[in-house]
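Structural characterization, general
Letter by letter, the chains look like this.
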Amino acid sequence: MPPKNRRRRNASAMKMLGAQIGALRRAAGLTQRQLAGRLVVDEETVASIEQGRRPLKEDLAVVLERILDARGVLTAALENMPEVDLFPRWAEEYMDLEREAIALSWYDNQVLPGVLQTDRYAHAVFSNDVPTLSEDEIALRVSARMERQEILHRKEPPTISFVISEVTLLDRLGGDEVYYEQLRRLREWADLPGVTIQFMPVGRDFHAGLAGPFTLIETPDHQRLAYTEAPRSSQIIADPDEVAHLEHRYAMLRSQALNPQESKGLLDRLLGEQ
């Protein structure tokens, strides 16, 4: 679990720190693979840190200091890195887990999952926040949401399943142009290997998702977790019995929803109305 007091790092500062690590690594005559071996992490982790896509954590910085003979430069930079509170701590903890997950399963009934949103749809979502966000705040949040979609394009992407209420396809957040752009993106995502999208049709006489949205997470060490979110709060669930309860609920939702081919057909019909 990520440290309780971790806050979102400034993206530009992360890139600068990553570039410094890369320079120190090359000066030490190490490749990214060699450095990863000495750190006991995978090569992609080192590459992501050097590119500023992944934050450098305190424990890893200490080991890097020794390996690269950085003489305190990295830990000092980390301690003085500017911070940007785009998201509350609980959301940051979830996004850390999401970034590393090998399997993810979403159920959403009010808005499309963030990793499926276009930038303009995300802008429309954040524009509906109350109290109202400034344009600068919205732009930062949209950018961060788009970065999350990198998990769909990893060298070894997670297995991802979505069950989404058809109600989300009735709202036209941002207007018709944004709506149809989002539908086209969903149709593209639905054909990605390892991605399954299903829609829960309206009018069911039994519905396993009335208690609200949730996400199931499988970590690289095969720990099974769940995440639930509500206004101003959320919860990461680690209790095996509680996680199993939500896994059973998700299995029921998948059986009640349109199957993947039927869901693609629904998107095709909606797109045909343009």
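Before going into details, it helps to say that this report is about the structure given with it. Residue indices begin from 1 for each chain and proceed along its sequence in written order. It should be noted that, the model being predicted, local features are given only for residues of pLDDT at least 70 and side-chain atom pairs only at 80 or more, the latter also being counted only at that level, while totals for whole chains, interfaces and linings use all residues. The basis for every side-chain value is the complete set of non-hydrogen atoms in the structure, without hydrogens or water.

1. Some words on the sheet that holds strand β6 (residues 233-237)
For two strands to be treated as a pair, DSSP must find no fewer than two bridges joining them. By definition, any uninterrupted DSSP run of H or I lasting at least four residues is a helix, any uninterrupted run of E lasting at least two residues is a strand, and each is numbered from the N terminus. Overall, mixed pairing links the six strands, which are arranged β3-β2-β1-β4-β5-β6 in an open sheet. Only two strands of the sheet have a single partner each, and these edge strands are β3 (195-200) and β6. Within the sheet, the average angular offset between the axes of one strand and its neighbour, ignoring direction, is 10°. The strands that helix α10 (residues 240-256) touches are β1 (103-108), β2 (159-165), β3, β4 (214-218), β5 (224-230) and β6; relative to β4, the one it contacts most, it runs at about 115°. Axes here mean lines fitted to C-alpha atoms, for a helix over just the part in contact, with angles spanning 0 to 180 degrees between N-to-C directions. Working rule for contacts: check all heavy atoms of both residues, and any pair within 4.5 Å makes them a contact.

2. Some remarks on the packing of aromatic side chains
By convention, a stacked pair of Phe, Tyr or Trp rings (six-membered ring in the case of Trp) has centres within 6.5 Å and planes under 30 degrees apart, an edge-to-face pair has planes over 60 apart, and any other such pair is tilted. According to the stated counting rule, one finds five aromatic pairs in the structure shown. Judged by centre distance (4.9 Å) and plane angle (10°), the ring pair of W106 and F162 falls under stacked. Of this pair, W106 sits in strand β1 while F162 is found in strand β2, placing the two residues 56 residues apart along the sequence. Just as W106 is buried, F162 falls in that class too. Where F214 meets Y250, the ring centres are 6.3 Å apart and the plane angle is 80°; that geometry is what we call edge-to-face. Separated by 36 residues along the polypeptide, F214 in strand β4 and Y250 in helix α10 bring together distant segments of the chain. The same class applies to F214 and to Y250, which are both buried. An aromatic cluster is present here, built from Y107, F214 and Y250 joined pairwise through their rings. Think of it in three bands: residues with accessible area under 20% of the maximum for their type are buried, residues over 50% are exposed, and the middle band is partly exposed, with areas taken using a 1.4 Å probe on protein chains only.

3. Regarding the side chain of E218
Take E218: it is sitting in strand β4. Note on E218: relative accessible area 13%, which makes it buried. For E218, the contacting residues outside a window of four places in its chain are A101, I102, A103, Q223 and R224.

4. A closer look at the pairing of β4
Successive residues of a regular strand alternate their side chains across the two faces of the sheet. For β4, a buried count of five out of five residues is recorded, marking the element as mostly surrounded by other parts of the structure. Residues F214, L216 and E218 line one face of β4 and the alternating positions T215 and I217 line the opposite face, and both faces are buried. By the bridge criterion, five bridges tie β1 to β4 in an arrangement that is antiparallel. Bridge pairing in β4 places A103 opposite E218. Direction of pairing for β4 relative to β5: antiparallel, over a ladder of four bridges. Residue pairing across strands places L216 opposite A226, the latter belonging to β5. Joining the antiparallel neighbours β4 and β5 is a turn of five residues, in which H222 adopts a positive phi near 65°.

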